[in-house]
Amino acid sequence: MSLQKTSIALALFASLTVSSVSQAALNFDQELQTYKTFAVDKIDGLVTQTQQFVDYLNAGKIDEAKALYPLVRMNFEAAEPIAESFGDLDPRIDARKADLEPGEQWTGFHPIEEILWVKNTTQGTEKYSGQLMSDVKELRAKVSTVEVTPELMVQGAVDLLNEVSTSKVSGEEEIFSHTDLYDFQGNIDGAEKIFVIFKPKLTELNADLVQTLELRFAEVNQLLAAQKVDDKFKFYTELNQDEIAALAEAVNKLGEPLAQMGIILG
Amino acid sequence: MTSKRLTHAVDEPSSLSRRRLLKGAAIGGSGLLFGKAIAAQTSDQPQPTRSTDTTQSIPFYGEHQAGITTPAQRHVYFMVLKLDNTDRQAVIKLFKEWTRQAALLTQGKNIGPYSNNHFIPPADTGEADSLHAYNLSLTFGVSPSFLEKLGLQDKAPAEFKPLPHFPRDQLQAQYTGGDICIQSCADDPQVAFHAIRQLVRHARTSMVSMLWAQNGFNAYNDVSQTPRNLFAFKDGTANALTLKDAEKYIWVDDKNWLQGGSYMVVRRIQMHLETWDRTSYGEQENTFGRDKLSGAPMGQQHEFEPIDTGLKESNGDPVMPVDSHVHLAHRTGQQLLRRSYSYTGGINTLTSQYDAGLLFISFQKSPQQFITIQNAFGKIDKMNEYITHVGSGLFACFPGVKEGDYLGQALLEG
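Parameters at a glance
Residues numbered from 1 in each chain as written. Chains lettered and ligands numbered in written order. Predicted model: local features only at pLDDT ≥ 70, side-chain atom pairs only at ≥ 80, totals over all residues. Helix = DSSP H or I, 4+ residues; strand = E, 2+ residues; numbered from the N terminus. Rg over C-alpha atoms; globule rule 2.2 N^0.38 Å. Buried ≥ 20, exposed ≤ 12 C-beta atoms within 10 Å, placed from the backbone. Contact = placed C-beta atoms within 7 Å. Nonpolar A, V, L, I, M, F, W, Y, C, P; charged D, E, K, R; others polar. Pairing = 2+ DSSP bridges. Axes fitted to C-alpha atoms, helices over the stretch in contact; angles between N-to-C directions. Parallel < 35°, antiparallel > 145°, perpendicular 65-115°, else oblique. Left-handed = near helix turned anticlockwise from the far one by under 90°. pLDDT = per-residue confidence, 0-100. Expected span 1.5 Å × (residues − 1). Core = buried A, V, L, I, M, F, W, Y, C linked by C-beta atoms within 7 Å.

Undergrad: An account of the overall build of chain A is requested, with residue identities and associated values reported.
TA: Helix and strand counts for chain A come out as 11 helices and 2 strands. Along chain A, helices and strands appear, N-terminal first, in the series α-α-α-α-α-α-α-α-α-α-β-β-α. By the compact-globule yardstick of 18 Å for 266 residues, chain A fits well, its C-alpha radius of gyration being 19 Å. Seen through its principal axes, chain A has C-alpha atoms that stretch 55 × 40 × 35 Å. Here chain A holds 266 residues, and the buried ones make up 44% of them.

Undergrad: An account of the overall build of chain B is needed here, citing residue identities and associated values.
TA: Secondary structure assignment for chain B yields 12 helices and 9 strands. By residue count, 46% of the 414 residues in chain B fall in the buried class.

Undergrad: I'd love a proper account of unusual backbone geometry, names of residues and values included.
TA: All names here are of chain B. Backbone geometry at alanine 232 places phi at a positive 75 degrees, although glycine is not the residue there. Note on placement: alanine 232 falls in the loop between strand E4 (208-217) and helix H6 (239-244). You will see that serine 352, though not glycine, has its phi angle at about 55 degrees, which is positive. Within the secondary structure layout, serine 352 lies in the loop between strand E7 (341-348) and strand E8 (353-364). Its 8 C-beta neighbours within 10 Å are what place serine 352 among the exposed residues.

Undergrad: If you had to explain the interface of chain B and chain A to someone new, which residues and values would you point to?
TA: Each side of the interface is counted separately: chain B has 12 residues, and chain A has 17 residues. Tallied by class, the residues present in the side of chain B that touches chain A amount to 3 nonpolar, 7 polar and 2 charged.

Undergrad: Can you lay out the pairing of strand E3 (residues 180-186) of chain B for me, pointing to particular residues and giving the numbers?
TA: Residues and elements named next belong to chain B. Across the 7 residues that make up E3, a large majority, 7, are buried. Two strands pair when backbone bridges link them, and strand E1 (residues 75-83) and E3 are joined in this way by 7 bridges, in the antiparallel orientation. When the bridges of E3 are listed, leucine 81 appears paired with isoleucine 180. The sheet contact formed by strand E2 (residues 137-142) and E3 spans 6 bridges and is antiparallel. Looking across to E3, one finds that serine 137 is bridged to cysteine 185.

Undergrad: Talk me through the packing of helix H8 (residues 150-168) of chain A against helix H11 (residues 241-259) of chain A; I want residue IDs and the actual numbers.
TA: Residues and elements named next belong to chain A. Their axes nearest at 10 Å, the elements H8 and H11 cross at an angle of 160 degrees. Taken together, the axis directions place H8 and H11 in an arrangement best described as roughly antiparallel. In this structure, H8 meets H11 at a crossing whose hand is left-handed. Judged by residue contacts, Ala157, Val158, Leu161, Val164 and Ser165 of H8 engage Val251, Leu254, Gly255, Leu258 and Ala259 from H11. For the contact of H8 with H11, the class distribution of residues is 8 nonpolar, 2 polar and no charged.

Undergrad: Before we move on, could you go through the confidence of the model for chain A and cite the residues and values that matter?
TA: Across chain A, pLDDT averages 90, with 91% of residues at or above 70. Every residue in residues 1-23 of chain A scores below 50 in pLDDT, and together they form 24 contacts with partners more than four places removed in sequence or on other chains.

Undergrad: Which residues make up helix H5 (residues 189-203) of chain B, and what values go with them?
TA: Residues and elements named next belong to chain B. Between its first and last C-alpha, H5 extends 22 Å over 15 residues, near the 21 Å set by a 1.5 Å rise per residue. Among the residues making up H5, those that are buried are Val191, Ala192, Phe193, His194, Ala195, Ile196, Gln198, Leu199 and Ala203. Turning to H5, the residues buried within the fold contact E1, helix H3 (88-105), E2, E3 and E4.

Undergrad: Let's hear about the confidence of the model for chain B: which residues, and what values?
TA: All names here are of chain B. Confidence along chain B averages 89 in pLDDT terms, with 88% of residues attaining 70 or more. Counting interchain partners and residues more than four positions distant, the pLDDT-below-50 stretch residues 1-46 has 64 contacts. What the predictor reports for the complex is a pTM of 0.87 with an ipTM of 0.84.

Undergrad: Which residues make up the packing of helix H2 (residues 29-58) of chain A against helix H9 (residues 180-205) of chain A, and what are the values?
TA: Residue and element names in this part refer to chain A. Relative orientation of the contacting elements H2 and H9 amounts to 155 degrees, with a least axis distance of 10 Å. Of the possible angle classes, the one that applies to H2 and H9 is roughly antiparallel. Between H2 and H9 the crossing geometry is right-handed. For the pair formed by H2 and H9, the contact residues are Glu31, Thr34, Tyr35 and Phe38 on the first element and Lys193, Ile194, Ile197 and Phe198 on the second. A per-class count over the contact of H2 with H9 returns 5 nonpolar, 1 polar and 2 charged.

Undergrad: I'd love a proper account of the nonpolar core, names of residues and values included.
TA: Note that soluble globular proteins tend to have their nonpolar side chains buried in a common cluster. Core analysis: the biggest nonpolar cluster contains 90 residues, and B:Leu136, B:Ala192 and B:Leu359 have the highest contact counts within it. The residues contacting B:Leu359, other than those within four sequence positions of it, are B:Val76, B:Phe78, B:Gln214, B:Gly216, B:Val266, B:Arg268, B:Ser340, B:Tyr341 and B:Tyr343. Residues A:Ile43, A:Val54, A:Ala65 and A:Met153 belong to the second largest nonpolar core, which totals 63 residues.

Undergrad: Pulling in residues and values, what's your account of helix H6 (residues 109-119) of chain A?
TA: All names here are of chain A. Among the residues of H6, Phe109, His110, Pro111, Ile112, Glu113, Ile115 and Leu116 are the ones counted as buried. Close packing links the buried residues of H6 with helix H3 (62-78), helix H5 (89-94) and helix H7 (126-143). One or two steps after H6, the chain reaches asparagine 120, where phi turns positive at roughly 55 degrees.

Undergrad: I'd like to hear about the environment of A:Val72, residue by residue, with values.
TA: Residue and element names in this part refer to chain A. The topology assignment puts valine 72 in helix H3. Note on valine 72: 23 C-beta atoms within 10 Å, which makes it buried. Considered as a pair, valine 72 and histidine 178 are 106 residues apart in the sequence and their alpha carbons are 15 Å apart. Apart from residues no more than four positions distant in its own chain, valine 72 is found in contact with Leu46, Gln49, Thr50 and Phe53.

Undergrad: Provide a residue-level description of the pairing of strand E9 (residues 387-397) of chain B, including the pertinent values.
TA: All names here are of chain B. E9 sits mainly inside the fold: 9 of its 11 residues count as buried. Relative to E9, E2 runs antiparallel, the two being bridged by 2 bridges. The partner of valine 142 across the bridge, within E9, is alanine 396. Summarising the sheet, strand E5 (residues 262-271) and E9 pair through 10 bridges and their orientation is antiparallel. Within E9, the residue paired with valine 266 across the bridge is glycine 393.

Right, dumping it as structure tokens:
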């Protein structure tokens with residue numbers, strides 16, 4: 001949510017400074033196309049799984065709905081830099097209760113999360129599920145039109161890490177379901193995808209940076225994998241202080257070098 | 001005790017003593033070089049001095065690291081780090097980079113210029129831009145575990161081992177341990193913090209993690225004035241004697257990698273201000289063994305007069321209580337250099353009391369100097385009622401760096 005302003009500000013900043021910054025004659029067409037394909041795939045997955053999720057809700061299948069909820073959201077979290085490009089769609093789909101202004105209507109995944117986990121029922125979710133489905137479909141339709149830039153990708157990767165640092169690692173994203181580690185993994189996947197896409201060009205500019213980033217991504221992914229039981233992440237509330245601290249520090253250590261990916265734009 | 005203090009106060013109103021000290025500062029403040037000049041205002045205060053001019057900088061290179069005999073700046077940011085990477089070549093690279101950064105930072109410079117590429121974060125975070133050097137000093141030390149992690153434990157001098165448990169210690173895990181410390185002192189808190197932030201920022205990706213940190217402050221009108229701690233007593237009066245013979249008390253002179261360095265003991269000491277504030281004036285002085293206003297040892301008139309534990313009241317009782325802090329420390333015959341800072345960290349909401357205390361820092365030729373004194377306090381020190389030691393560390397602070405060399409070189413390459 002808070003990233004939206006950052007991204008808009010960056011886009012503005014980029015357009016203002018494009019002439020003054022000495023752009024190397026790098027061609028990013030291939031990278032941009034690859035990333036767009038990735039994002040579209042994720043949003044396709046979001047549409048399909050949201051439909052399944054809504055079907056479970058409408059059928060009163062609470063266990064199935066709860067099991068699917070974090071997986072649906074991983075799609076969204078991985079493609080968040082793109083989703084955030086569309087003004088009010090992101091908050092309509094992803095606003096947390098704490099994000100709301102007085103009188104603002106709460107929609108999207110999180111009011112459904114509250115009903116499922118706090119009231120332990122599917123009853124009442126129909127008030128939100130219809131609009132969620134149409135908002136997700138609208139997002140899919142708009143993604144085809146989005147202009148992906150290398151700046152959006154570089155800043156998007158850093159923003160994904162910042163999302164992890166400020167809300168996932170503190171358990172503030174999924175305060176009712178405590179499925180924060182899925183969002184965490186989704187954000188990391190989204191950032192790592194951008195790194196992997198840029199890797200050939202980054203290697204030419206700074207092979208040490210690439211090696212560092214590979215190590216740091218591996219560290220985060222290993223720590224996350226250690227919190228899985230039978231392919232399911234533990235609830236955030238099941239983590240002890242040391243485990244949370246280790247995850248947080250692994251993200252800290254990844255953040256600094258990740259921000260250096262901007263060297264390919266210099 | 002109280003009547004004596006009152007007489008004293010009448011004899012020497014505080015306004016008068018402030019003027020006198022200010023005059024002293026004017027003399028001492030002219031033409032000072034770090035570690036060289038000796039304050040000339042009174043013969044019994046032979047302390048190294050430094051400029052209080054905040055535009056001034058303290059040389060980073062030299063025989064000893066700055067921040068040890070350098071008269072305490074007004075602010076500290078103290079950081080303890082864990083070493084994550086035990087590859088010696090990687091550690092050498094880190095200490096070379098820290099040397100480069102520290103040499104720039106202490107001269108009031110950023111660690112790197114702003115880039116033409118606006119798509120990466122600035123090399124320096126920039127919050128000290130347009131600020132002077134503010135007499136910044138950066139002092140680096142390593143713990144016994146640092147040597148172990150690098151397989152250098154056979155280079156550890158015999159006395160370089162973790163401090164023992166002391167009676168009444170209530171050490172908390174979040175204020176103990178660690179492999180590396182960096183003491184950043186400056187006459188401006190933001191300059192002190194900025195330096196640590198730069199040193200940690202790039203190092204933390206692959207080399208270190210932050211374990212604990214504490215900021216603190218000292219207050220004085222000029223550097224010749226001994227700062228008061230939060231119990232309002234002067235803290236560091238005895239440094240004048242220690243500094244008279246720094247070779248004997250402070251600098252390691254064994255022919256090893258630490259020669260010219262010094263051992264640093266750091267203790268995070270919680271001070272129970274509420275308890276202290278309901279303690280009578282006389283009992284406060286009995287606890288320290290000093291006159292609260294002047295800092296004079298009990299039985300004497302002036303701060304820097306020698307301690308005489310043999311003085312007796314007319315009824316035969318010692319003038320300075322035998323369980324007072326100063327008496328117990330003095331009786332050991334040991335001396336060390338105190339370089340402490342007060343801290344306040346909001347309130348403890350559980351107890352509705354201040355979270356405040358002293359970041360005690362001392363430098364000594366051997367950890368034994370501190371151990372002997374701390375053991376002498378034991379369970380009898382009257383101060384125990386008002387303080388709790390919650391954090392602790394022992395670090396070997398490297399000797400100074402020659403231009404072209406780097407921090408810890410003798411250890412890492414020796």
